[in-house]
Number of protein chains: 2
Amino acid sequence: MIRSHYSYQIPKKDGVIVKVAGFVETVRDIGKITFLILRDRYGTIQVTSKDENLCDKIRKLSNESFISVEGRVSLNKEARNGFEIFPINIEVLNEAAKPLPLDISGKIESTLEKRIDWRFVDMKNLKNMGIFILQSEIVRAFTEFMHENNFVRIFASRLTDAATEGGADYFSVNYFDKKAYLAQSPQLYKEAILVSGIDRVYDIGFVYRAEPHHTPRHLCEYASFDIEMVCEDLEEILEMCEGLMNYTFKKLNERCENILKLYNVELKAPKKIPRITFEEANKILLELGVKIDKNDLTPEGEKKICEYSKDNFDSSLVFITEFPFTKKPFYLMRKGENLTYSFDMLFNGLELSSGGIREHRYEERVKNILAKGLKPEDYDHLRFWKYGMPPHGGFAIGIERLTMQILGLKNVREATLLPRDPDRLNP
Amino acid sequence: MIRSHYSYQIPKKDGVIVKVAGFVETVRDIGKITFLILRDRYGTIQVTSKDENLCDKIRKLSNESFISVEGRVSLNKEARNGFEIFPINIEVLNEAAKPLPLDISGKIESTLEKRIDWRFVDMKNLKNMGIFILQSEIVRAFTEFMHENNFVRIFASRLTDAATEGGADYFSVNYFDKKAYLAQSPQLYKEAILVSGIDRVYDIGFVYRAEPHHTPRHLCEYASFDIEMVCEDLEEILEMCEGLMNYTFKKLNERCENILKLYNVELKAPKKIPRITFEEANKILLELGVKIDKNDLTPEGEKKICEYSKDNFDSSLVFITEFPFTKKPFYLMRKGENLTYSFDMLFNGLELSSGGIREHRYEERVKNILAKGLKPEDYDHLRFWKYGMPPHGGFAIGIERLTMQILGLKNVREATLLPRDPDRLNP
């Protein structure tokens, strides 16, 4: 075993023998004493030696070499965390090359491009590492909440021979002698499965958008959390989404306290998320003197409505409901001629989630497809709608965007382990 | 709300008013009384009516129409589950077309091809639905176990510009003006992230193999559960895998009792999984008179070793360790010249998992790549190995294969929601 204790687990008792392992953060040599700061996933430990042989070994260590140290705990108020370790044995498990490709102390700023080029080295900085630990805890909380609410996890294929949203932004795959496409979302599958009688499903996985532009909020591959459930009213969907956010934020406060502190974030678990119809939102924006688009919220509109929600309802999250059919996909159920039973969830100025009640009636769904100028025969899945499809709805949340918004990051690439955009396919 | 209770939640008390919803399984009309069997995700309910108007409505219902029924509970020993519901109101939420594309009663067998063509209708049969509910519970247990053991969930990109295993079986993607490939596994990423200091990671998602053959155990897209952790000995990996299987089988026994019963499966949570080296396995096979391949287990060999394990250790699971380097990927650590610190986990005659200790030393890894006839310059990720990569190992489990082996299914397609093979891209 490489270690007996992580840094935070070391008993604060003089003389206890422990084995720790981690990266050499710094070495300081003041003649007859050498100090070594060792870093593991949870923090740092001071290793202090007066032994000549060991001092010699420590002096030769390059930064970021991975070592294990067996030694005695010694309480010392002046050392980090109130103790140091006097080593008995030091084993160099893998020496690191010099120099490092980028500074990991946080003192010298690198460009985002370089940070992503060296993603796994950049993550040696515990603040950067924290982004991905928090993301892991978001998804953990999501799945816990889903199973507590009787959802079934599905694996909807990401290879398809047909369109989903009707958009053009697909990546094509050379699939034996055929052409396949990378799915833009699991939308039609997560709906179709409901005809089976499984009445609540969720799916987590990558989805793909072949959009050639670079923005701080778009990626060509992103992790989508998708849910779909049997229900009749939009309010049932909103309540599920609200419950999910409440559960997740609570768990993040419990499990990621340190990371949230590093980013100076206070995360308030929402009890009630304000609901504002698109029509009301436009009225509010006009009163605030913000230019509106009759069919959709503009990025500026999203920001201003979030500020309004913060000021008036003390909520960073807000639901905007009942968007016009013009800007929403065909599978949404219409409310009257022009509106839909839809919603967007905004968070700190950005759209995080979209959803709504779907059109479950075969004939009406065909009408919606035609109204969008699409061809029903391109939607093979439609045949499933004939066999008693229950009323249903759902939503999707972009996992990297949620991570970004929680931590207040400026670019979704910061919250993406391996970002894929028109220019980037590695590492 | 569509329902107040699922079938299994209905209080067994005369006169209680409930609202249930589900599919019309059968309608039986005996003149002045009509019986309707309603099916939801958990089971069936008998609805009995003597009301003329309602009887008329019931008679007209097509099978698999989705309806909701409000009514009074009435205890009746002769009815299913000891009660029936006298309806007050029946609402037809979506009528089903006739006839259904395949029999869902389980009385008339369909071909597997047809069942997959109509996957979501086929899953109306509760036994078939059970496959995917059990699969969901497998993955739920996996993730629970991982987080209890401090693993971090990562999202390793599935688009890459480089090879993983060095094999040729890649699907290529038209990625703007470049060529990308669908990942065969997240292997190199899940390893590379360990250089950051996150010392335990897991990843769940699809992986891709462009293999043109049809077998009952291979797919072109399958869900892989991948773990990687900092450690030194193969035994640490085996124990983690053993703990995972023990936890998962226990949870399946708790949470999927009904499904396991439908399939007549008794699932024994393994405390200890036998370890047999590849060399020992070959000796055993020779003694049993089975032809061996000096470099790998044959499908026949896998079967016989599993029978041997069952007979001698009362274990359906067995680890075969230390395979020759010839047949294993370059990233494994060698034991001497010819062997590797590797293992396969077999279950009821089939390989479920592969793993081992990886080569974490840069120079040795380069040597391994060269020894396989591959080019180090094709492996961009290698540069991360220079900055203190800790010793580590891990494994991957095929989720559909595990589902198949637990339930004793004959073809992995039965355990795959939307199978993708050389001939199939839909539904």
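Throughout this description, residue numbers start from 1 for each chain and increase along the sequence as written. Both sets of labels track the order of writing: A upward for chains, 1 upward for ligands. For this predicted model, a pLDDT threshold of at least 70 governs which residues receive local features, and a threshold of 80 or more governs which side-chain atom pairs are given and counted, while totals over whole chains, interfaces and linings are taken from all residues. Hydrogens are left out, water is left out, and the side-chain values use all remaining heavy atoms of the structure.

> Residue-level account of the overall build of chain A, with values.
The secondary structure listing takes helices from DSSP runs of H or I that are at least 4 residues long and strands from runs of E that are at least 2 residues long, numbered from the N terminus. Along its length, chain A carries eleven helices and 18 strands. Overall size of chain A, expressed as C-alpha extent along the three principal axes, is 85 × 60 × 40 Å. Note on exposure labels: buried denotes an accessible area under 20% of the residue type's maximum, exposed denotes more than 50%, and partly exposed covers the range between, all computed with a 1.4 Å probe on protein chains only. Expressed as a percentage of the 427 residues in chain A, the buried residues total 60%. When the accessible surface of chain A is summed, it comes to about 17,300 Å², and 47% of that surface belongs to carbon and sulfur atoms. His is not counted, nor are the chain ends; Lys and Arg add positive charge and Asp and Glu add negative charge. Note on charges: their place is set at NZ of Lys, CZ of Arg, CG of Asp or CD of Glu. Each charge class in chain A was averaged separately, 62 positive and 65 negative side chains, and the resulting centres sit 4 Å apart. We get accessible surface area from the Shrake-Rupley algorithm with a probe of 1.4 Å; when it comes to residues, only the shown protein chains can shield them.

> An account of the side chain of B:E64 is requested, with residue identities and associated values reported.
Looking at the secondary structure, you find B:E64 in the loop between α1 (52-59) and β4 (66-75). On the accessibility criterion, B:E64 (2% relative accessible area) is buried. Setting aside residues no more than four positions away along its own chain, B:E64 makes contact with A:Y387, A:G388, B:F23, B:V24, B:E25, B:R39, B:A96, B:L100, B:I104 and B:K124. Whether two residues are in contact is decided by their heavy atoms, any of which lying within 4.5 Å being enough.

> Kindly report on the packing of aromatic side chains, identifying the contributing residues and their values.
To pair, rings of Phe, Tyr and Trp, with the six-membered ring standing in for Trp, must have centres within 6.5 Å; the planes then decide the type, stacked if under 30 degrees apart, edge-to-face if over 60, and tilted in the middle. A full pass over the atoms with the stated rule returns 44 aromatic pairs over all chains. On the numbers, 4.3 Å between centres and 40° between planes, the contact of B:F142 with B:F225 is tilted. Of this pair, B:F142 sits in helix α4 (residues 126-148) while B:F225 sits in strand β11 (residues 221-230), and the two are 83 residues apart along the sequence. Classification of B:F142 by relative accessible area gives buried; the value is 0%. Ring pairing ties together the aromatic residues A:W118, A:F120, B:F384 and B:Y387, which thus form one cluster. Look at NZ for Lys and CZ for Arg. If either is within 6 Å of the ring centre and within 35 degrees of the ring normal, a charge sits over the ring. One cation-aromatic arrangement involves A:R334 over A:F325; the distance from NZ or CZ to the ring centre is 3.8 Å.

> Kindly report on the relation of the copies chain B and chain A, identifying the contributing residues and their values.
Superposition of the two copies of the chain requires a rotation about an axis together with a shift along that axis. Here the copies were fitted onto each other by least squares, based on C-alpha atoms from residues at pLDDT of at least 70 in both. Superposition record for chain B on chain A: RMSD 0.0 Å, screw rotation 180°, translation along axis 0.0 Å. Taken together, these values place the two copies in the relation of a two-fold axis. Considering only C-alpha atoms, the part of chain B nearest the rotation axis is B:V173, at 2.2 Å.

> Would you mind going over the sheet that holds strand β18 (residues 392-398) of chain A in detail, with residue names and values included?
All names here are of chain A. Taken in spatial order, the eight strands of this open sheet run β6-β10-β11-β18-β17-β16-β13-β12, and their pairing is mixed. Of all strands in the sheet, those bounded by a partner on one side alone are β6 (152-153) and β12 (275-277). As defined by bridge partners, strand β17 (residues 350-357) adjoins β18 across five bridges and the pair is classed as antiparallel. Following the sheet pairing, S353 is matched in β18 by I397. Contacts from helix α6 (residues 234-255) reach β10 (200-208), β11 (221-230), β12, β13 (317-321), β16 (342-347), β17 and β18 within the one sheet, and its direction differs from that of β16 by about 20°. Any two strands between which DSSP finds at least two bridges are classified as paired. Each axis is a line fitted through C-alpha atoms, taken for helices only over the stretch in contact, and angles between the N-to-C directions span 0 to 180 degrees.

> Could you give me a rundown of the confidence of the model for chain A, with the residues and numbers involved?
Fine structural detail should not be taken from predicted coordinates in areas where pLDDT scores are low. Confidence of the prediction at every residue is given by pLDDT, a number between 0 and 100. Summary statistics for chain A give a mean pLDDT of 96 and a share of 99% for residues scoring 70 or more. In the model output, the complex is listed with pTM 0.97 alongside ipTM 0.97.

> Run through the packing of helix α4 (residues 126-148) of chain A against helix α11 (residues 399-407) of chain A, naming residues and quoting values.
Residue and element names in this part refer to chain A. It is the contact of α4 with α11, at a shortest axis distance of 10 Å, that shows an interaxial angle of 120°. Considered as vectors, α4 and α11 are oriented oblique to each other. Considering how the two elements wind past one another, α4 and α11 form a crossing that is right-handed. Between α4, through I131, L134, Q135, I138, V139 and F142, and α11, the contact on the second element is made entirely by I399, E400, L402, T403, I406 and L407. Each residue receives one of three labels: charged for Asp, Glu, Lys and Arg, nonpolar for Ala, Val, Leu, Ile, Met, Phe, Trp, Tyr, Cys and Pro, and polar for the others, Gly being one of them. Grouping the amino acids of the contact of α4 with α11 by side-chain chemistry returns nine nonpolar, two polar and one charged. Note on terminology: angles under 35 degrees are roughly parallel, angles over 145 are roughly antiparallel, angles of 65 to 115 are roughly perpendicular, and the others are oblique. Handedness of each helix crossing follows the sense of rotation of the near helix against the far helix: counterclockwise by less than a right angle gives left-handed, clockwise gives right-handed.

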